[in-house]
Amino acid sequence: MRRQLAAILAIPTVLNGLIMLLAGPFWYQTVPGVPDTGPFNPHFVQDIGAAFLVAGFALAARAWRPRYWPAAVAGAGFLAVHALLHIAILAGGHSHYPVFDLLAIVLPSAAALYSAFPNQGEHHA
């Protein structure tokens, strides 16, 4: 089940990274709360897009081959740290879109972290 979950989560993560890399201004204007963070910075958006792309590919690798779970842990680790930043924003009462933060960032990153680690008894080699 964890491999299937990793596969499902890889899709939007890779797509998000690709959109950030290839259509940064579109991504910037359409994601709730992002325009509120300041002016569009194409280099910054592309840097973070690259991180999302790698995280998504790491989850896809986990789904493809169980022995690649350490890569997925690293990718999910990025997503988890990103989610922790949003949790801090939520806890401080500074999120203008708390439902979006929870449903689109926090819950998927927790699921990605869960999916990254192997099941007990799962073959790794």
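Placed above this text is the structure.
Description of the structure in this document.

Scoring rules and cut-offs
Going along each chain's sequence as written, the residues are numbered from 1 onward. For this predicted model, a pLDDT threshold of at least 70 governs which residues receive local features, and a threshold of 80 or more governs which side-chain atom pairs are given and counted, while totals over whole chains, interfaces and linings are taken from all residues. The side-chain values count all of the structure's non-hydrogen atoms but skip hydrogen atoms and water molecules. Secondary structure elements are defined from DSSP: runs of H or I of at least 4 residues count as helices, runs of E of at least 2 residues count as strands, and each element is numbered from the N terminus. Throughout this description, buried means an accessible area under 20% of the type-specific maximum (1.4 Å probe, protein chains only), exposed means over 50%, and partly exposed covers the range between. For this analysis, a polar contact is any N or O atom pair within 3.5 Å, provided that within protein one partner can donate a hydrogen and the other can accept it, and provided that sequence-adjacent residues contribute only side-chain to side-chain pairs. Contacts are assigned to residue pairs with any non-hydrogen atoms lying within 4.5 Å of each other. Side-chain atoms within 4.5 Å are what join buried Ala, Val, Leu, Ile, Met, Phe, Trp, Tyr and Cys residues into a set we call a nonpolar core. Only Phe, Tyr and Trp rings take part, Trp by its six-membered ring, and two of them pair if their centres are within 6.5 Å. Stacked means planes under 30 degrees apart, edge-to-face means over 60, and tilted covers everything else. The rule for a charge over a ring is simple: NZ of Lys or CZ of Arg within 6 Å of the ring centre, and within 35 degrees of the ring normal. Positive charges come from Lys and Arg, negative ones from Asp and Glu, while His and the chain ends are left out of the count. When a carboxyl oxygen of Asp or Glu is within 4 Å of a side-chain nitrogen of Lys or Arg, the pair counts as a salt bridge. The convention used is that axes are lines fitted to C-alpha atoms, helices contributing only their stretch in contact, and that angles between N-to-C directions extend from 0 to 180 degrees. Small angles under 35 degrees read as roughly parallel and large ones over 145 as roughly antiparallel, with 65 to 115 read as roughly perpendicular and the rest as oblique. If you view the pair so one helix is near and one far, a crossing is left-handed when the near helix is turned anticlockwise from the far one by less than a right angle, and right-handed when it is turned clockwise. Each residue receives one of three labels: charged for Asp, Glu, Lys and Arg, nonpolar for Ala, Val, Leu, Ile, Met, Phe, Trp, Tyr, Cys and Pro, and polar for the others, Gly being one of them.

1. Examining the side chain of Arg 62
Part 1 of the reasoning: Structurally, Arg 62 can be placed in helix 3 (residues 42-64).
Part 2 of the reasoning: We classify Arg 62 as buried; its relative accessible area is 0%.
Part 3 of the reasoning: Side-chain polar atoms of Arg 62 contact the backbone oxygen of Ala 116, separated by 3.2 Å.
Part 4 of the reasoning: Sequence-distant contacts of Arg 62, that is, excluding residues within four places in its chain, are made with Arg 2, Arg 3, Ala 6, Tyr 68, Trp 69, Ala 72, Ser 115, Ala 116, Phe 117, Pro 118, Asn 119 and Glu 122.

2. Let's talk about the nonpolar core
Part 1 of the reasoning: Grouped together as the largest cluster of nonpolar side chains are 18 residues, with contacts concentrated most on Trp 27, Leu 59, Leu 79 and Ala 112.
Part 2 of the reasoning: Put simply, the parts of the chain that give this core at least two residues each are helix 1 (2-22), helix 2 (24-30), helix 3, helix 4 (69-91) and helix 5 (98-116).
Part 3 of the reasoning: Here the element with the most residues in this core is helix 3; it accounts for five residues.
Part 4 of the reasoning: Setting aside chain neighbours within four positions, we find Trp 27 in contact with Asn 16, Ile 19, Met 20, Val 34 and Val 45.

3. Section: the packing of aromatic side chains
Part 1 of the reasoning: Enumeration according to the criterion identifies four aromatic pairs in this entry.
Part 2 of the reasoning: When the ring of Trp 64 is compared with that of Tyr 68, the centres are 6.0 Å apart and the planes differ by 45°; the resulting orientation is tilted.
Part 3 of the reasoning: With a relative accessible area of 53%, Trp 64 lands in the exposed category.
Part 4 of the reasoning: The cationic tip of Arg 65 hangs over the ring face of Trp 64; the distance from NZ or CZ to the ring centre is 4.2 Å.

4. As for the side chain of Asp 101
Part 1 of the reasoning: The residue Asp 101 is located in helix 5 in this model.
Part 2 of the reasoning: Lacking a salt bridge, the buried Asp 101 has Arg 2 as its closest oppositely charged neighbour, with an N-O distance of 25 Å.
Part 3 of the reasoning: Apart from residues lying up to four places away in sequence, Asp 101 is in contact with His 86, Leu 90, Ser 95 and Val 106.

5. What to know about the packing of helix 4 against helix 5
Part 1 of the reasoning: It is the contact of helix 4 with helix 5, at a shortest axis distance of 8 Å, that shows an interaxial angle of 155°. Put simply, helix 4 runs roughly antiparallel to helix 5. Along this stretch, helix 4 crosses helix 5, giving a crossing that reads as left-handed. Packed against helix 4, whose contacting residues are Trp 69, Ala 72, Val 73, Ala 76, Gly 77, Leu 79, Ala 80, His 82, Ala 83, His 86, Ile 87 and Leu 90, the element helix 5 presents Pro 98, Asp 101, Leu 102, Ile 105, Val 106, Ser 109, Ala 112, Leu 113 and Ala 116 at the interface.

6. Observations regarding the packing of helix 3 against helix 4
Part 1 of the reasoning: It is at 7 Å that the axes of helix 3 and helix 4 come closest, and there the two elements cross at 140°. Between helix 3 and helix 4, the angle falls in the class oblique. Regarding helix 3 and helix 4, the two cross each other, and that crossing is left-handed. Between helix 3, through Ile 48, Ala 51, Phe 52, Ala 55, Ala 58, Leu 59 and Arg 62, and helix 4, the contact on the second element is made entirely by Trp 69, Ala 71, Ala 72, Gly 75, Phe 78, Leu 79 and His 82.
Part 2 of the reasoning: Tallied by class, the residues present in the contact of helix 3 with helix 4 amount to eleven nonpolar, two polar and one charged.

Keep in mind these numbers describe shape, not what the thing actually does.
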